[in-house]
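A closer look at the structure
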Amino acid sequence: MKARLKNILHKLHLWLGMASGLIVFVVAITGCIYVFSYEIKDVVYKDRHHVSIPENPTRAPISQLIETAEGAFNNTYSFQNVIIPDDPNHAVSVSFTEVDNTVFGYHNYMKFYKTVSLNPYSGKIIFIENTKWEFFNIALAIHMNFFMGYNDVSHYIIAGATWTFVFMLISGLILWWPKKSQRKQSFSFRWKKSSKWRRKNYDLHRIFGFYMLSIALILALTGLMWASKSFNSSVKWVANGGKTIPYAALSKPVQKTNPEQPFDVILNSVIKDYPEYEFLLIRKHPKPSIPYIVRVYKKGEQNYKRTELYFDRTTAELLDTFTFSDKNNGEKIQALNYDLHVGAIGGLATKILAFLASLLIASLPITGFLIWYGRKYKKKK
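Within every chain, residues take consecutive numbers counted from 1 along the sequence as written. Only residues with pLDDT of at least 70 get local features here, since the model is predicted, and only at 80 or more are side-chain atom pairs given and counted; chain-wide, interface and lining totals rely on the full set of residues. Note that water and hydrogens are dropped before the side-chain values are worked out from all heavy atoms of the structure.

**A word on the overall build of the chain**
Secondary structure follows DSSP: runs of H or I at least 4 residues long count as helices, runs of E at least 2 residues long count as strands, and numbering of each begins at the N terminus. Counting its regular elements, the chain contains 13 helices and 8 strands. Counting only C-alpha atoms, the chain reaches 80 × 50 × 40 Å along its principal axes. Taking all 381 residues of the chain together, 42% fall into the buried category. Throughout, a contact is declared for two residues whenever any of their heavy atoms are within 4.5 Å. For the chain, restricting intrachain contacts to residue pairs at least 6 apart in sequence, the fraction spanning at least 24 positions comes to 62%. For every accessible area listed, the method is Shrake-Rupley and the probe measures 1.4 Å; residues are considered covered only by the protein chains on display. By element, 60% of the accessible surface of the chain is carried by carbon and sulfur atoms, the whole surface being about 22,000 Å². Each charge class in the chain can be summarised by its mean position, and for the 48 positive and 27 negative side chains these summaries are 24 Å apart. Between buried and exposed lies partly exposed: a residue is buried under 20% and exposed over 50% of the maximum accessible area for its type, with that area taken using a 1.4 Å probe on protein chains only. As used throughout, the charge tally considers Lys and Arg to be positive and Asp and Glu to be negative, leaving His and the chain termini uncounted. To locate a charge, the coordinates of NZ of Lys, CZ of Arg, CG of Asp or CD of Glu are taken.

**Some remarks on the sheet that holds strand β1 (residues 81-85)**
Strands pair in a sheet through their backbones, by hydrogen bonds, and they do so in one of two ways: parallel or antiparallel. By this definition, two strands are paired if DSSP reports at least two bridges between them. With antiparallel pairing, the 8 strands of this open sheet are ordered in space as β4-β3-β2-β1-β5-β6-β7-β8. The sheet is open, and its two edges are formed by β4 (125-129) and β8 (318-322), each paired on a single side. Each strand of the sheet is rotated relative to its neighbour by a mean of 15°, with strand direction disregarded. Pairing of strand β3 (residues 110-118) with β4, which is carried by 4 bridges, proceeds in the antiparallel orientation. For Leu-118, the partnering residue across the bridge sits in β4 and is Ile-125. Note on definitions: angles span 0 to 180 degrees between N-to-C directions of axes, and those axes are lines fitted to C-alpha atoms, for helices only across the stretch in contact.

**Topic: the pairing of strand β5 (residues 277-283)**
Among the 7 residues that make up β5, 5 are buried, leaving the element largely enclosed by the rest of the structure. One ladder, built from 5 bridges, connects β1 with β5; its direction is antiparallel. The residue of β5 that forms the bridge with Ile-83 is Leu-281. Here β5 pairs with strand β6 (residues 292-298) via 6 bridges, running antiparallel. In the strand pairing of β6, Phe-279 is matched with Tyr-297.

**Description of the packing of aromatic side chains**
The geometry of two aromatic rings is summed up by the distance between their centres and the angle between their planes. Between 30 and 60 degrees the pair is tilted, below 30 it is stacked and above 60 it is edge-to-face, where a pair is any two Phe, Tyr or Trp rings, Trp via its six-membered ring, whose centres lie within 6.5 Å. Evaluation of the coordinates by the stated rule reveals 22 aromatic pairs. Between Trp-176 and Phe-210, the ring centres sit 4.4 Å apart and the planes meet at 20°, which makes this aromatic pair stacked. In this pair, Trp-176 sits in helix α7 (residues 152-176) while Phe-210 sits in helix α8 (residues 197-211), placing the two residues 34 residues apart along the sequence. A residue is classified by how much of its surface remains accessible, and Phe-210, at 24% relative accessible area, is partly exposed.

**Things to note about the environment of Val-342**
Residue position: Val-342 is located in helix α12 (residues 329-342). With 307 residues separating them along the chain, Val-342 and Val-35 place their C-alpha atoms 5.7 Å apart. When residues no more than four places from it in sequence are discounted, the contact partners of Val-342 are Val-35, Lys-351 and Ala-354.

**A look at a nonpolar patch on the surface**
Patches draw on residues past 30% relative accessible area with no salt bridge. Two like charges within 9 Å are joined, as are two nonpolar side chains (Val, Leu, Ile, Met, Phe, Trp, Tyr) within 5 Å. Salt bridges are counted wherever a side-chain nitrogen of Lys or Arg sits within 4 Å of a carboxyl oxygen of Asp or Glu. A grouping of Trp-15, Met-18, Trp-197, Phe-369 and Tyr-373 is seen on the molecular surface, where their side chains present a nonpolar patch of about 530 Å² in accessible area. Those elements that provide at least two residues to the nonpolar patch are α1 (2-35) and α13 (348-380). Mapped onto the fold, Trp-15 is located in helix α1.

**Considerations on helix α4 (residues 62-71)**
Ile-62, Ser-63, Leu-65, Ile-66, Ala-69 and Glu-70 are the residues of α4 that are buried. Down the axis of α4, the buried set is contained in an arc of 160°. They therefore lie on one face. Elements in contact with the buried residues of α4: β1, β2 (92-99), β3 and α11 (262-273). Summarising the geometry, the arc corresponds to the directions from the helix axis toward the C-beta atoms.

**Considerations on the pattern of salt bridges**
A side chain with one charge may pair with a side chain of the opposite charge, provided their charged atoms come close. According to the stated counting rule, one finds 8 salt bridges in the structure shown. When the shortest N-O distance is used, the salt bridge between Asp-86 and Lys-299 registers 2.9 Å. In this pair, Asp-86 sits in the loop between β1 and β2 while Lys-299 sits in the loop between β6 and β7 (307-311), placing the two residues 213 residues apart along the sequence. Given a relative accessible area of 27%, Asp-86 falls into the partly exposed group. Of the charged contacts, one joins Glu-308 and Arg-306 as a salt bridge, the two residues approaching to 3.0 Å between their closest N and O atoms. In terms of burial, Glu-308 and Arg-306 fall into one category: buried. Here the salt bridges share partners, and the residues they tie into one network are Arg-199, Asp-203 and Arg-206.

Structure below.
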């Protein structure tokens, strides 16, 4: 009975791996590319964001920069995000997006996505990036939805492939688990000059698969937090002790004054309260009912430790402030998810680990296919 179950598990591991192998390979490779995307862009795109500090370094009002950026597109689009770095030699960037959730394919879904880089002192445009077709953004689109856009088809394909990969990891561990007498040779490569390629390939698949199993599971499960709404809700439900806790309701504005330039008022208030920031993000949600959101990313801290502030769109009044400690257990897991997924949770060391793990994950479908091909070829011969 035990041998029969193991045989069934082996066949499932083989054919499910063959069915999902291409998706796993592509998702892993694009994830590998994206791990150090920000660091690479800082070097490759230096001409797009580097500015010289003038003799009298007076910064232009943020409202002026936003107005200039919107004017670049004849005020057809309203901005979505403004990123303000603390680095005095870095440009301010304003991004614009328009999507269509009813169509299939990234090229149709992302109708418009451009980023304007501006000199924070002169207020002039440095560069207009067609972010829709920027290399790392393309890699991210392939990684998240296989270039199909956000729709039910891409949702089920990516979620299904990720669940299949989780099954492959667990079933692979069960199939690999060695007997007591074989354990010494199961944790390292013991190749001889006479070792054939099939033996070496088999060892690459099973030994690499074992050593990166725990990291691969973290990457897969954190990916499912985005790919599967039901999994996301279930994790937060368990974390909150079997309770579904809605997001906290935002406070209502008290003031009645309407400033002429609300973004200037908001930015001055944030910089005064949080002077030690690495960069600020001002988000204007497409829904007018949602207040302006300002995210404060402090120097040397991970993404999940950011502070979020909500400002009324009319009065520029601070409504609420949320930090990581203010969140419930489910929201904390949600906040940690990005840093865990990209390996930023422990700084450079864990990012390198995530990079290497993604690379090894991409190799598993290849070595797995070669195992099957080698056995089939051997039998025919």
